[in-house]
Amino acid sequence: MATITLTTAAYNDAKQYAETQNLTVDEFVVSLIKKYAHSKKQ
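Residues numbered from 1 in each chain as written. Predicted model: local features only at pLDDT ≥ 70, side-chain atom pairs only at ≥ 80, totals over all residues. Heavy atoms only, no water.

### Section: the overall build of the chain
- Counting its secondary structure elements, the chain contains two helices and zero strands.
- Along the first, second and third principal axes, the C-alpha atoms of the chain reach 30 × 20 × 20 Å.
- Looking at the chain as a whole, 12% of its 42 residues are labelled buried.
- A total of about 4000 Å² of accessible surface is found on the chain, and carbon and sulfur atoms cover 56% of it.
- The distance from the centre of the 5 positive side-chain charges to the centre of the 4 negative ones in the chain is 12 Å. (Helix = DSSP H or I, 4+ residues; strand = E, 2+ residues; numbered from the N terminus. Buried < 20%, exposed > 50% of the residue type's maximum accessible area, 1.4 Å probe, protein only. Areas by Shrake-Rupley, 256 points an atom, 1.4 Å probe, with all protein chains shown as cover. Lys, Arg positive; Asp, Glu negative; His and termini not counted. Charge placed at Lys NZ, Arg CZ, Asp CG, Glu CD.)

### Things to note about a nonpolar patch on the surface
- On the surface, I4, L6 and Y11 cluster together to form a nonpolar patch covering roughly 290 Å² of accessible area.
- The topology assignment puts Y11 in helix α1 (residues 8-20).
- Given a relative accessible area of 38%, Y11 falls into the partly exposed group. (Patch = residues over 30% accessible without salt bridge, like charges linked within 9 Å, V, L, I, M, F, W, Y side chains within 5 Å. Salt bridge = Lys/Arg side-chain N within 4 Å of Asp/Glu carboxyl O.)

### Some words on the packing of aromatic side chains
- Evaluated as defined, the whole model comprises one aromatic pair.
- Aromatic side chains Y17 and F28 sit 4.9 Å apart centroid to centroid with 45° between the ring planes, which places their arrangement in the tilted category. Of the two residues, Y17 is situated in helix α1 and F28 in helix α2 (residues 25-41); the sequence distance between them amounts to eleven residues. (Phe/Tyr/Trp six-rings, centres within 6.5 Å; stacked < 30°, edge-to-face > 60°.)

### Re the nonpolar core
- Core analysis: the largest hydrophobic core is formed by five residues, namely A14, A18, V25, F28 and V29.
- When residues of this core are traced back to their parent elements, those giving at least two are α1 and α2.
- Counting residues per element, this core draws most heavily on α2, at three residues.
- Once residues within four sequence positions are removed from consideration, V25 is found in contact with Y11, A14, K15 and A18. (Core = buried A, V, L, I, M, F, W, Y, C linked by side-chain atoms within 4.5 Å. Contact = heavy atoms within 4.5 Å.)

### With respect to unusual backbone geometry
- Located in the positive-phi region is N22, a residue other than glycine, with phi close to 60°.
- By the element assignment, N22 lies in the loop between α1 and α2.

Here it is as structure tokens:
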């Protein structure tokens, strides 16, 4: 397991958005990483 550090404001924004999408913050962050890491490969 790895850990990332976010500012409180960034975490709160991610948490608020994740809740509106019925996701955990982890699921939301992982989806962003996959989306943007995959798009860079192309």
